[in-house]
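In case you want the letters, here they are:
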Amino acid sequence: MSNYLKMCEKVTQSYQIIGRKWVAPIIHTLMEEPKRFSEIHALIPDLSKRVLVERMKELEEEGIILRNVIADRPVRTEYSLTRKGTELARALNAVGRWAKEWL
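Calculation notes
Residues numbered from 1 in each chain as written. Predicted model: local features only at pLDDT ≥ 70, side-chain atom pairs only at ≥ 80, totals over all residues. Heavy atoms only, no water. Patch = residues over 30% accessible without salt bridge, like charges linked within 9 Å, V, L, I, M, F, W, Y side chains within 5 Å. Areas by Shrake-Rupley, 256 points an atom, 1.4 Å probe, with all protein chains shown as cover. Salt bridge = Lys/Arg side-chain N within 4 Å of Asp/Glu carboxyl O. Helix = DSSP H or I, 4+ residues; strand = E, 2+ residues; numbered from the N terminus. Buried < 20%, exposed > 50% of the residue type's maximum accessible area, 1.4 Å probe, protein only. 1 Å grid on protein atoms, 1.4 Å probe; cavity = no way out; pocket = protein on both sides within 12 Å on 5 of 7 lines; lining within 4 Å. Points joined across faces, edges and corners; volume = space filled by probe spheres on them. Pairing = 2+ DSSP bridges. UniProt positions renumbered as here; feature names shortened; annotations may be inferred.

1. Considering a nonpolar patch on the surface
- A cluster of nonpolar residues, M1, Y4, L5, M7, V11 and Y15, forms a patch on the protein surface that exposes about 690 Å² of accessible area.
- Secondary-structure assignment places V11 in helix 1 (residues 3-18).
- Among the residues examined, V11 registers a relative accessible area of 31% and is labelled partly exposed.

Here it is, written out as structure tokens:
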């Protein structure tokens, strides 16, 4: 397989990830700092809890977010971007700047 076809395959795979509804807003909410599930949900009020759970699992499986269980009392779970997720967030910011100017 040529390098061009490999690149096209990877680009298509990335579009499949970021094209899922709610993925970009979820990533955006985690750009500044780790957040708990309830904080993410509060920042995206139109997103149902069921779909948020699905997307968080998918993003964790893709290596884009990290789920961190903190064993304090009470136990809490925070989500943050991985290095891969941070790079994706930067790419989404670039797309956002383009969209703001051209759409």
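Alright, that's what it looks like, and here's the rest.
2. Observations regarding the layout of surface pockets
- For the largest pocket, the calculated volume is near 230 Å³.
- Sorting elements by how many residues they give to the lining of the largest pocket places helix 1 first, with five residues.

3. Considerations on the pairing of strand 3 (residues 76-81)
- Where strand 1 (residues 35-36) meets strand 3, two bridges bridge the pair, whose relative direction is antiparallel. Residue pairing in the sheet places R36 in a bridge with E78 of strand 3.
- Examined bridge by bridge, strand 2 (residues 65-70) and strand 3 share six bridges and lie antiparallel to one another. Paired with I65 across the strands is L81, a residue of strand 3.
- The hairpin turn running from strand 2 into strand 3, its antiparallel successor, is five residues long.

4. A look at unusual backbone geometry
- Residue P74 is bonded to the preceding R73 through a cis peptide linkage, with omega at -5°.
- The topology assignment puts P74 in the loop between strand 2 and strand 3.
- Phi at W22 is positive, roughly 85°, even though this residue is not glycine.

5. Some words on the pattern of salt bridges
- Tallied over the entire structure, the rule returns eight salt bridges.
- The salt bridge partner of R20 is E62, with a shortest N-O separation of 3.8 Å. Of the two residues, R20 sits in the loop between helix 1 and helix 2 (23-29) while E62 sits in the loop between helix 4 (49-61) and strand 2, which places them 42 residues apart along the sequence.
- E62 sits in the partly exposed class, given a relative accessible area of 25%.
- The residue R55 makes a salt bridge to E54 at a minimum N-O spacing of 3.7 Å.
- Residues joined by salt bridges that share partners form a network here, namely R20, R50, E54, R55, E58 and E62.

6. Focus on the sheet that holds strand 1
- In space, the three strands of this open sheet follow the order 1-3-2, with antiparallel pairing throughout. With one partner strand each, in any of the chains shown, strand 1 and strand 2 form the two edges of the open sheet.

7. Examining the UniProt feature "domain: HTH hxlR-type" (unreviewed entry) in the chain
- Per the UniProt annotation, the sites labelled "domain: HTH hxlR-type" (unreviewed entry) are residues 8-103.
- Its end C-alpha atoms 25 Å apart, residues 8-103 is made of 60% helix and 15% strand.

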